Amino acid sequence: MKKLFALLLALCALCGTALAAEPLRVLDGWFAADRYEKRYPERALERIEPLYDETGEGNQNELLFAGEWDAAVIETNGTDLSALCAEIPLLDLTDIAPEKGGTMYPAVKRALTCEGKLIGLPMHIFGCTMSLEFSDELLARLGLADAEKPETLRGLSYRAKISLGLAYAEKPETFAELAGLAERYMALPAQTRRGTAFDADVRDGWLRYYLSYMIRCYQAQCADANGETDFDTPLFRENLAQVERLNAALCADTKILRGKNGELRSLTCANSGLGGEMHVREGDTAVPARMYAVIVNANSPRREEALDYARAAMDEAESEFFYAVVDYDARLREAYDRLIAAQIEQGEAQSVIDRLEKLRDAGDPLHYYTKEALEAYARDVAPRLTFPHYRWLDDWNAAGDYAAGRLDADALIDRLNRLMEK
């Protein structure tokens, strides 16, 4: 009997060891996994890797809805959180949210709330589509805008790209206004335009570039609650006509005239900021955004470890974009600490590290955001945020076929609607 009891104890210990050795399974394309492993090097972690085809479409949603994960980082525009919540029970993360989510911007909180529970914690935010920034100084110098207009913030992106200058109303906000700016710019004498370009990063292929961009804007602003978009509408056709108008203006003179020292300055450029996207409807002021958020599977047998993973993910969260109340000085210091650690890891010279430490200790916002910029974000952008969900489609190749003449307007619309049905 004693031998049988000892055998049972051994089997129980073996089972316990096997259970303990089970890795935490995470579906995460960001860096929370690296941060978690550094914090808990003794814990086993399994990364579930989505697969992507040649067009960039992946199987992330298929993996999410299979539910064989403990924690995951989702992208709000690509995943229908309400549908996921109905299929997979998700843990309420209110207790580990800063201030229990009390100071979270309302639009952010709505996007991450399901059945009355805060089921996601925000990490990073970007525009659903690229934002267009305009060189205020260049617009004024070329006589394309009034240099006497008061300075305002046109959206927010990384500090090096923040546009401060002309009044909000002076910047194009629709594709019709963007086409009008292109026409006025190209109507200037060639010598006046010397040393400048509408966008120095796009030398040709204007039609494909801006058509692809317009398709994404249209999706982000017109998708229905199920993430589906109907492209066979007067609104889409009107915006297609404006892209054609823009292309015709830019193709009127494709010769590049550099300045005396070889410079070529852009009138406009694209970035991943917020609030500078073109709108397909006149008067639309919404800011469609996509957000990365961490979620936890309530069915996870490793719930506490999964919660630790969520906490690790929160360490890299850009909380200044999600919460109305943040400790500015602490956030600035954290930004510098991360930058310094990255510079040390890649073997940067000590002089560079010393300079960054001096900037950090002086509270210089050179590598962060100014208080004024964050105040402008809270005032002008956060109240207008929306987080649409829409289906991914291969707009780049569709736009390419249209630009090459292989599709007319009707065929393009048919192609896009068929892609929606896939």
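Source: prediction; values computed, not measured.

Right, let's get into the overall build of the protein. Along the backbone of the protein there are 16 helices and twelve strands. The proportion of buried residues among the 422 residues of the protein is 50%. Long-range contacts, defined as pairs at least 24 residues apart, comprise 74% of the intrachain contacts of the protein with a sequence gap of at least 6.

Before going further, it helps to examine the environment of Ala-179. One can find Ala-179 in helix 7 (residues 175-186). In this structure Ala-179 comes out as buried when scored by relative accessible area, which is 0%. Put simply, Ala-179 and Arg-245 are 66 residues apart on the chain and 6.1 Å apart in space, counted from C-alpha to C-alpha. Look past the residues within four positions of Ala-179 in its chain and what remains in contact with it is Gln-242, Arg-245 and Leu-246.

Scanning the entire structure with this criterion turns up 16 aromatic pairs. Taking 5.3 Å as the distance between ring centres and 70° as the angle between the ring planes, the aromatic pair formed by Phe-321 and Tyr-369 counts as edge-to-face. Separated by 48 residues along the polypeptide, Phe-321 in the loop between helix 11 (303-314) and helix 12 (328-345) and Tyr-369 in the loop between helix 13 (350-362) and helix 14 (371-381) bring together distant segments of the chain. Residue class for Phe-321 comes out buried when judged on its relative accessible area of 6%. The class of Tyr-369 is buried, set by a relative accessible area of 7%. A centroid spacing of 5.6 Å and a plane angle of 55° characterise the contact between Tyr-328 and Tyr-368, whose relative ring orientation is tilted. In this pair, Tyr-328 is assigned in helix 12 and Tyr-368 in the loop between helix 13 and helix 14, connecting sequence segments 40 residues apart. By the burial criterion, Tyr-328 is buried, and Tyr-368 matches it. Connected via pairs of aromatic rings, a cluster forms that spans Tyr-105, Phe-321, Tyr-328, Tyr-368, Tyr-369 and Tyr-377.

By the definition in use, this model includes 26 salt bridges. Residues Asp-308 and Arg-43 are paired through a salt bridge, measuring 2.9 Å at the closest nitrogen-oxygen approach. You can see Asp-308 sitting in helix 11 and its partner Arg-43 sitting in the loop between helix 2 (32-39) and strand 2 (45-47), a full 265 residues away along the chain. Here Arg-360 ties to Asp-337 by a salt bridge, and the two come within 2.9 Å at their closest N and O atoms.

Where helix 15 (residues 395-403) meets helix 16 (residues 409-421), the closest approach of the two axes is 10 Å, and the angle between their N-to-C directions is 165°. Compared by their axis directions, helix 15 and helix 16 come out roughly antiparallel. As helix 15 packs across helix 16, the resulting crossing turns out to be right-handed. From helix 15, Asn-397, Ala-398, Asp-401 and Tyr-402 reach across to helix 16, where they touch Ala-409, Leu-412, Arg-415 and Leu-416. Along the lines of polarity and charge, the residues of the contact of helix 15 with helix 16 split into five nonpolar, one polar and two charged.

Compared with an ideal rise of 1.5 Å per residue, which puts 17 residues at 24 Å, helix 9 (residues 206-222) spans 24 Å between its outermost C-alpha atoms and is within 8% of the ideal. Of all 17 residues in helix 9, 15 are buried, a share of seventy percent or more.

It is worth spelling out the pairing of strand 3 (residues 71-75) at this point. With four of its five residues buried, strand 3 lies for the most part within the structure. As paired strands, strand 1 (residues 24-27) and strand 3 are joined by two bridges and run parallel to one another. From the neighbouring strand, Leu-27 faces strand 3, where its bridge partner is Ala-72. The sheet contact formed by strand 3 and strand 11 (residues 287-296) spans five bridges and is antiparallel. For Ala-71, the partnering residue across the bridge sits in strand 11 and is Val-296.

Core analysis: the biggest nonpolar cluster contains 72 residues, and Leu-90, Val-108, Ile-125, Tyr-309, Tyr-377 and Leu-385 have the highest contact counts within it. In terms of residues, this core owes the most to one element, strand 11, which gives eight residues. Within the second largest apolar cluster, 47 residues are counted, among which are Leu-211, Tyr-213, Leu-267 and Tyr-402.

Let's shift gears to the packing of helix 10 (residues 234-250) against helix 16. The N-to-C vectors of helix 10 and helix 16 enclose an angle of 125°; their axes lie 12 Å apart at closest approach. Our classification of the angle between helix 10 and helix 16 gives oblique. The way helix 10 lies across helix 16 gives a crossing that is right-handed. Side by side, helix 10 and helix 16 meet where Phe-236, Arg-237 and Leu-240 of the first sit next to Ala-409, Asp-410, Leu-412, Ile-413 and Leu-416 of the second. Taken together, the residues of the contact of helix 10 with helix 16 break down into six nonpolar, no polar and two charged.

Attention now moves to the pairing of strand 6 (residues 121-127). Of all seven residues in strand 6, seven are buried, a share of seventy percent or more. Relative to strand 11, strand 6 runs antiparallel, the two sharing six bridges. Looking at strand 11, one finds that His-124 is bridged to Tyr-292.

Our focus in this paragraph is the environment of Tyr-40. Its place among the elements puts Tyr-40 in the loop between helix 2 and strand 2. For the pair formed by Tyr-40 and Ala-312, sequence separation is 272 residues and the distance between their alpha carbons is 9.9 Å.

Moving on: the side chain of Asp-284. Structurally, the position occupied by Asp-284 is in the loop between strand 10 (268-271) and strand 11. Within polar-contact distance, the side chain of Asp-284 engages the backbone nitrogen of Ala-286 at 3.0 Å. The residues contacting Asp-284, other than those within four sequence positions of it, are Gln-221 and His-279.

Calculation rules
Residues numbered from 1 in each chain as written. Predicted model: local features only at pLDDT ≥ 70, side-chain atom pairs only at ≥ 80, totals over all residues. Heavy atoms only, no water. Helix = DSSP H or I, 4+ residues; strand = E, 2+ residues; numbered from the N terminus. Buried < 20%, exposed > 50% of the residue type's maximum accessible area, 1.4 Å probe, protein only. Contact = heavy atoms within 4.5 Å. Phe/Tyr/Trp six-rings, centres within 6.5 Å; stacked < 30°, edge-to-face > 60°. Salt bridge = Lys/Arg side-chain N within 4 Å of Asp/Glu carboxyl O. Axes fitted to C-alpha atoms, helices over the stretch in contact; angles between N-to-C directions. Parallel < 35°, antiparallel > 145°, perpendicular 65-115°, else oblique. Left-handed = near helix turned anticlockwise from the far one by under 90°. Nonpolar A, V, L, I, M, F, W, Y, C, P; charged D, E, K, R; others polar. Expected span 1.5 Å × (residues − 1). Pairing = 2+ DSSP bridges. Core = buried A, V, L, I, M, F, W, Y, C linked by side-chain atoms within 4.5 Å. Polar contact = N/O pair within 3.5 Å; in protein donor to acceptor, adjacent residues only side chain to side chain.

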